[in-house]
Amino acid sequence: MVRNQDQMLSRIATNEGHAENSAYFDGWKAYDSDPYHPTQNPRGVIQMGLAENQLCFDLVQEWVRNNEKASICTPQGANAFKDIAIFQDYHGLPHFRNAVARFMEKVRGNRVRFDPDRIVMSGGATGATETLTFCLADPGDAFLVPTPYYPGNDRDLTWRTGVKLVPVICESSNDFKITREALELAFKNAQDQNIKVKGLLLNNPSNPLGTVLDTETLQESLNFITEKKIHLICDEIYSATVFNEPGFISIADIIQDNPQCNLDLIHIVYSLSKDLGFPGFRVGVVYSYNDAVVNCARKMSSFGLVSTQTQHLIASMLSDDAFVETFLAESSRRLRKRHEMFSRGLGQVGLGNLESNAGLYCWMDLRRLLRESSFEGEMELWHVIINEVKLNVSPGGSFHCSEPGWFRVCFANMDDETTRVALSRIHKFVLKKKVGVEGKQCSRRELVVSLSFRRRFDDMGMTPRMMSPHSPMPSPLVRART
């Protein structure tokens, strides 16, 4: 019956292109079926797979209370209801595009300028990324994507577009930095398979690494796409989550210093989901330096517009310079504090994470806890963490990491108390595992010692009972430790 039904539907409706068949999404399902609550379900699964910034909602709520006119659903703002509720074209409200452009400039230290007429709205970064993919590539074409990368890319760039992703393998030996050699190898691998590469996708700051791309890497990436005559998409949705030096450098900074580069190849994806913590508002942005892409993306945006009510509210908020300045500074301070709290908590039980200074998560190193260094071993450990420790952390394999044992763990979508509970669970698990490992090691050591004694006794024609307590024979315990 199901098979017959599948034959009546499209390939998109019946294929696995949405990429939900992944541990990344399975973890969400585990949380949804048993969500943690401090009083109603204290043994439930704590959601640490959601990269969401909930640390500054008190500032936002205070602003909303003090600016009731910004919403058309309040007595103070009701006079604007008709003008906002009636039909608007897909260019977006002018004051919304102006406010977003100015906000993007502030986040980048006012070093660069963004043209509001190049701001194209979309339903979140998901819609923005897919829209750009439709504009730049045909089915069967490919984009290069450095690993590890956000699992949603497998859905956003490929499911409905028919485009492929070719991994650029990055390794822990250099902190997963992107190298020219890795880019060239990925490009060659695509060519060897007769796959046409149309672009390079960079995530800066990185999800899941929590690191920012430096000037050298961005410049080398620009040189690479220029030589290959392919596009460069820079996903900069975490740009305002940088909480320590070095600061964020946008591709807009780089091209400003490279006036000879082909601007038609440069595109930016942005949203307010991470920087402001508004994923529910679905405010995504395509910013392209290519006129044809802007025109095409704007027409496509009619499939996923941002509601005018949301545009109106966001425009008012982002136009408040005092609020924006306070929010950005306080968000950075609170993210730094939470990151330090979490990293310190991991360190107390000997766990490490990649050194990072941005994002809403840590790239946690659990390689020493693997039963075996394989992705099977990683999944085995992940199942224990989900089902027994009751934490939804995301395994590195779901991010296409080339090395098993890394996990992304989000820390900004919860309060301090829940963070302490999560760390307490990690501590208990690691200590329990450590005791278990030491117990096994002791058992093996005792076996080695026992056999060593027996061999000595057999060689001397003695039994343990016959051995003199004054025997000069060196202790096998010493040998076992060395």
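Residues numbered from 1 in each chain as written. Predicted model: local features only at pLDDT ≥ 70, side-chain atom pairs only at ≥ 80, totals over all residues. Heavy atoms only, no water.

## Quick look at the sheet that holds strand β2 (residues 119-123)
Strand order across the open sheet formed by seven strands is β2-β8-β7-β6-β5-β3-β4, with mixed pairing between neighbours. Among the strands making up the open sheet, the edge pair consists of β2 and β4 (164-168). Adjacent strand axes in the sheet meet at a mean angle of 25°, parallel and antiparallel pairs treated alike. Inspection of the sheet shows strand β5 (residues 197-203) paired to strand β6 (residues 231-235) by five bridges, in the parallel sense. The partner of Leu-201 across the bridge, within β6, is Ile-233. Each of β3 (142-146), β5, β6 and β7 (266-271) touches helix α10 (residues 215-228); the most contacted strand, β5, lies at about 170° to it. (Pairing = 2+ DSSP bridges. Helix = DSSP H or I, 4+ residues; strand = E, 2+ residues; numbered from the N terminus. Axes fitted to C-alpha atoms, helices over the stretch in contact; angles between N-to-C directions. Contact = heavy atoms within 4.5 Å.)

## Quick word on the packing of helix α6 (residues 94-107) against helix α13 (residues 308-318)
Between α6 and α13, whose axes approach to 8 Å, the crossing angle comes to 45°. Classified by the interaxial angle, the pair formed by α6 and α13 is oblique. The way α6 lies across α13 gives a crossing that is left-handed. For the pair formed by α6 and α13, the contact residues are His-95, Phe-96, Ala-99, Val-100, Phe-103 and Lys-106 on the first element and Gln-311, His-312, Ile-314, Ala-315 and Leu-318 on the second. Residue composition of the contact of α6 with α13, by class: seven nonpolar, three polar and one charged. (Parallel < 35°, antiparallel > 145°, perpendicular 65-115°, else oblique. Left-handed = near helix turned anticlockwise from the far one by under 90°. Nonpolar A, V, L, I, M, F, W, Y, C, P; charged D, E, K, R; others polar.)

## Let's talk about the confidence of the model for the protein chain
Per-residue confidence for the protein chain gives a mean pLDDT of 87; residues scoring 70 or more make up 89%. Under a pLDDT of 50 for its full length, residues 441-482 has, in the predicted model, 19 contacts with residues more than four places off or in other chains. (pLDDT = per-residue confidence, 0-100.)

## Topic: the pairing of β6
With respect to burial, β6 is a largely interior element, five of its five residues being buried. Residues of β6 alternate between two faces, with His-231, Ile-233 and Asp-235 on one and Leu-232 and Cys-234 on the opposite face, all of them buried. The sheet contact formed by β6 and β7 spans four bridges and is parallel. Each residue of the ladder has a partner; that of Ile-233, found in β7, is His-267. (Buried < 20%, exposed > 50% of the residue type's maximum accessible area, 1.4 Å probe, protein only.)

## Some thoughts on the packing of aromatic side chains
Considering all chains together, one arrives at 16 aromatic pairs under this definition. With 5.4 Å between their ring centres and 85° between their planes, Phe-176 and Trp-406 make a pair best called edge-to-face. Highlighted residues: Phe-176 in the loop between β4 and α9 (180-192) and Trp-406 in strand β13 (residues 406-410), separated in sequence by 230 residues. Assigned by exposure class, Phe-176 and Trp-406 land together as buried. Taking 5.8 Å as the distance between ring centres and 75° as the angle between the ring planes, the aromatic pair formed by Trp-363 and Phe-399 counts as edge-to-face. One end of the pair, Trp-363, is in strand β10 (residues 361-365); the other, Phe-399, is in the loop between β12 (394-395) and β13, with 36 residues separating them in the sequence. Given a relative accessible area of 0%, Trp-363 falls into the buried group. Arg-108 extends its terminal NZ or CZ atom over the ring of Tyr-270, reaching a point 5.4 Å from the ring centre. The aromatic ring of Phe-187 is capped on one face by Lys-228, whose charged end is 4.8 Å from the ring centroid. (Phe/Tyr/Trp six-rings, centres within 6.5 Å; stacked < 30°, edge-to-face > 60°. Lys NZ or Arg CZ within 6 Å of the ring centre and 35° of its normal.)

## Thoughts on the side chain of Glu-236
Turning to its location among the elements, Glu-236 is positioned in the loop between β6 and α11 (251-256). Polar side-chain contacts of Glu-236 include one of 2.9 Å to the side chain of Arg-108. (Polar contact = N/O pair within 3.5 Å; in protein donor to acceptor, adjacent residues only side chain to side chain.)

## Some details on the pattern of salt bridges
For the structure shown, the criterion picks out 26 salt bridges. For Glu-330, the salt bridge is made with Arg-333, and the minimal N-O distance between the two is 2.6 Å. Of this pair, Glu-330 and Arg-333 both sit in helix α14 (residues 321-347), three residues apart, which is roughly one turn of that helix. Here Glu-330 falls in the buried class, since its relative accessible area comes to 19%. (Salt bridge = Lys/Arg side-chain N within 4 Å of Asp/Glu carboxyl O.)

## Focus: helix α3 (residues 23-33)
The complete set of buried residues in α3 reads Ala-23, Tyr-24, Phe-25, Gly-27 and Ala-30. For α3, the secondary structure elements touched by its buried residues are α8 (153-156), α15 (375-389), β11 (391-392), β12 and β13. For α3, the N-terminal capping position is held by Ser-22, with its side-chain oxygen 3.1 Å away from the main-chain nitrogen of Tyr-24.

## Section: unusual backbone geometry
Each neighbour pair has its own omega, and for Thr-147 with Pro-148 the value is -5°, a cis peptide bond. When you line up the elements, Pro-148 lands in the loop between β3 and α8. For Asp-175, which is not glycine, the phi dihedral falls at a positive 60°. Tracing the backbone through its elements, the reader meets Asp-175 in the loop between β4 and α9. Unlike most non-glycine residues, Arg-282 shows phi in positive territory, near 55°.

## Describing the nonpolar core
Formed by 78 residues in total, the largest nonpolar core has its most connected members in Phe-103, Phe-114, Leu-144, Ile-225, Ile-251 and Leu-318. Among the elements that take part in this core, α6 stands out by supplying seven residues, more than any other. Not counting residues within four places of it along the chain, the set of residues in contact with Leu-144 comprises Val-166, Val-168, Leu-183, Ala-186, Phe-187, Val-197, Gly-199, Leu-200, Leu-201 and Phe-224. If you look at the next biggest cluster of nonpolar residues, it comprises 60 residues, including Met-48, Leu-136, Leu-165 and Ile-233. (Core = buried A, V, L, I, M, F, W, Y, C linked by side-chain atoms within 4.5 Å.)

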